[in-house]
Amino acid sequence: MRRPIIAGNWKLHKKTVEALELAREIVRLTEDCTDTEIIVAPSFTVLGKVSEALSGSRISVAGQDCFWQEEGAFTGEVSPGMLLDAGCTHVIIGHSERRQHFGDTDATVNRKTKAALLSGLSVIVCIGETLQEREAGETLSVIERQVRGGLQDICARDIRKIVIAYEPVWAIGTGKTATDVQAQEVHSFIRTIVSRLYSPTDSDTVRILYGGSVKPDNIRGLMSCPDIDGALVGGASLSATSFSSIIRNSK
Ligand code: 13P
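Residues numbered from 1 in each chain as written. Predicted model: local features only at pLDDT ≥ 70, side-chain atom pairs only at ≥ 80, totals over all residues. Heavy atoms only, no water.

(A) Structural view of the overall build of the protein. Check the secondary structure of the protein and you find twelve helices and eight strands. Whereas a compact globule of 251 residues would reach a radius of gyration of roughly 18 Å, the protein reaches 17 Å, a difference of no more than 12%. Taken over the C-alpha atoms alone, the protein extends approximately 45 × 45 × 35 Å along its principal axes. A burial count over the protein gives 55% of its 251 residues as buried. Sequence separation of 24 or more characterises 72% of the internal contacts of the protein that already satisfy a separation of 6 or more. Surface exposure of the protein reaches about 11200 Å², of which carbon and sulfur atoms provide 52%. (Helix = DSSP H or I, 4+ residues; strand = E, 2+ residues; numbered from the N terminus. Rg over C-alpha atoms; globule rule 2.2 N^0.38 Å. Buried < 20%, exposed > 50% of the residue type's maximum accessible area, 1.4 Å probe, protein only. Contact = heavy atoms within 4.5 Å. Areas by Shrake-Rupley, 256 points an atom, 1.4 Å probe, with all protein chains shown as cover.)

Below you can see the structure in the form of structure tokens.
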């Protein structure tokens, strides 16, 4: 049995007052949602305060990225230990926006993931093809390259602390969700790769989230697919009402 996860990626949104208000409202609206694991990923500057506001709740906090070095002369970077210090239990690595605008590659995703795991964080590793790649029929080869590259040399014990998020780039922030069939096809393929790299047991237990224009009205269909274990939500996680509806509809 894989426990569903609904994670909210707040991206570059919400300063202190709004972030705290959103966090508290999510707690209030999801108090009875005990079947689903809930994670929020605020921006770095509010992580500590949001973690404090959520302490004692069942909601976990994630960083949106981290660097692979723990300390040193790396201006502007945030280390896994700093995320832990700010109250995070998770970190998102390899989001397509990091790959697109900030130079993340499968190799850096792998280094960041290893460093985060070493420090004790759980990692949400993001993968996904662009529209051009999908139209060229390359979706599965891109996904395979990203999974193998991102997880390279990560041992079986550590795969248990990894969640994979499949986010087709063309579905992010566009209002175009992958159809349930398109998403299921890729999720099932990811599970097959994990089975080959690790074991059938690991592929049965690893949780694979879908991301890309997830809303309260499309989560049910996505969750009805056998290999979709939850969602990584962008825009709809910025409102406590829509985020909590997604959580409610994810069961
Ligand atoms: P949207 O839900 O806004 O499409 O964003 C998805 C995403 O990128 C989550 O990480």
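On we go from here.
(B) Spotlight on the site of the ligand. Taken together, 13 residues lie around the ligand, and Lys-11, His-95, Gly-173, Ser-213 and Gly-235 are the ones closest in. Measuring from an oxygen atom of the ligand, one finds a side-chain N or O atom of Glu-167 at 2.9 Å. Relative to its free-state accessible area of 310 Å², the ligand is covered by the protein chains to the extent of 96%. Residues of the shell around the ligand, tallied by class, amount to four nonpolar, seven polar and two charged. (Near = heavy atom within 4 Å. Polar contact = N/O pair within 3.5 Å; in protein donor to acceptor, adjacent residues only side chain to side chain. Nonpolar A, V, L, I, M, F, W, Y, C, P; charged D, E, K, R; others polar.)

(C) Broad picture of the nonpolar core. In terms of nonpolar packing, the biggest core is built from 64 residues, with Val-40, Val-50, Ile-162, Ile-190 and Tyr-210 touching the most fellow members. The contact partners of Ile-190, leaving out residues within four places of it in the chain, are Ile-127, Ile-143, Val-147, Ile-164, Tyr-166 and Ile-208. Ranked by size, the runner-up nonpolar core spans twelve residues in total, among them Ile-5, Ile-39, Val-163 and Leu-209. (Core = buried A, V, L, I, M, F, W, Y, C linked by side-chain atoms within 4.5 Å.)

(D) Inspection of the packing of helix H1 (residues 16-29) against helix H2 (residues 47-54) at higher detail. The N-to-C vectors of H1 and H2 enclose an angle of 25°; their axes lie 9 Å apart at closest approach. Of the possible angle classes, the one that applies to H1 and H2 is roughly parallel. Relative to H2, the crossing made by H1 is right-handed. Residues Thr-16, Ala-19, Leu-20, Ala-23, Arg-24 and Val-27 of H1 lie in contact with H2, whose contacting residues are Lys-49, Val-50, Ala-53 and Leu-54. Its residues placed into classes, the contact of H1 with H2 shows seven nonpolar, one polar and two charged. (Axes fitted to C-alpha atoms, helices over the stretch in contact; angles between N-to-C directions. Parallel < 35°, antiparallel > 145°, perpendicular 65-115°, else oblique. Left-handed = near helix turned anticlockwise from the far one by under 90°.)

(E) Region of the structure containing the environment of Thr-139. With respect to the helices, strands and loops of the structure, Thr-139 is situated in helix H7 (residues 139-150). If near-sequence neighbours (up to four positions away) are discounted, Thr-139 is found in contact with Glu-129, Glu-133, Arg-134, Tyr-166 and Val-186.

(F) Representation of the pairing of strand S8 (residues 230-233) within the structure. The alternating pattern of S8 places Gly-230 and Leu-232 and Ala-231 and Val-233 on opposite faces, both of which are buried. Bridge count for strand S1 (residues 5-9) against S8 is four bridges, and the pairing is parallel. The residue bridging Ala-7 from the neighbouring strand is Leu-232, located in S8. Relative to S8, strand S7 (residues 207-211) runs parallel, the two being bridged by two bridges. Among the inter-strand pairings, Gly-211 is bridged to a residue of S8, identified as Leu-232. (Pairing = 2+ DSSP bridges.)

(G) Broad picture of the sheet that holds strand S2 (residues 37-41). Within the closed barrel, the eight strands sit side by side as S1-S2-S3-S4-S5-S6-S7-S8. Their pairing is parallel. Neighbour to neighbour, the strand axes of the sheet diverge by 25° on average, direction disregarded.

(H) Highlighting the packing of aromatic side chains. Here the structure, examined in full by the defined rule, presents three aromatic pairs. On the numbers, 5.0 Å between centres and 50° between planes, the contact of Phe-67 with Phe-74 is tilted. (Phe/Tyr/Trp six-rings, centres within 6.5 Å; stacked < 30°, edge-to-face > 60°.)

(I) Examining the pattern of salt bridges more closely. For the structure shown, the criterion picks out 18 salt bridges. For Asp-202, the salt bridge is made with Arg-160, and the minimal N-O distance between the two is 3.1 Å. Residue Asp-202 is found in helix H10 (residues 200-205), and its partner Arg-160 is found in the loop between helix H8 (156-159) and strand S6 (162-166); the two are separated by 42 residues along the sequence. We classify Arg-160 as exposed; its relative accessible area is 58%. (Salt bridge = Lys/Arg side-chain N within 4 Å of Asp/Glu carboxyl O.)

(J) Here's a closer look at unusual backbone geometry. A positive phi is found at Lys-11, a non-glycine position, where the angle reads about 50°. With respect to the secondary-structure elements, Lys-11 resides in the loop between S1 and H1. Positive phi is not limited to glycine here, since Lys-14 has a value of about 80°. Within the secondary structure layout, Lys-14 lies in the loop between S1 and H1.

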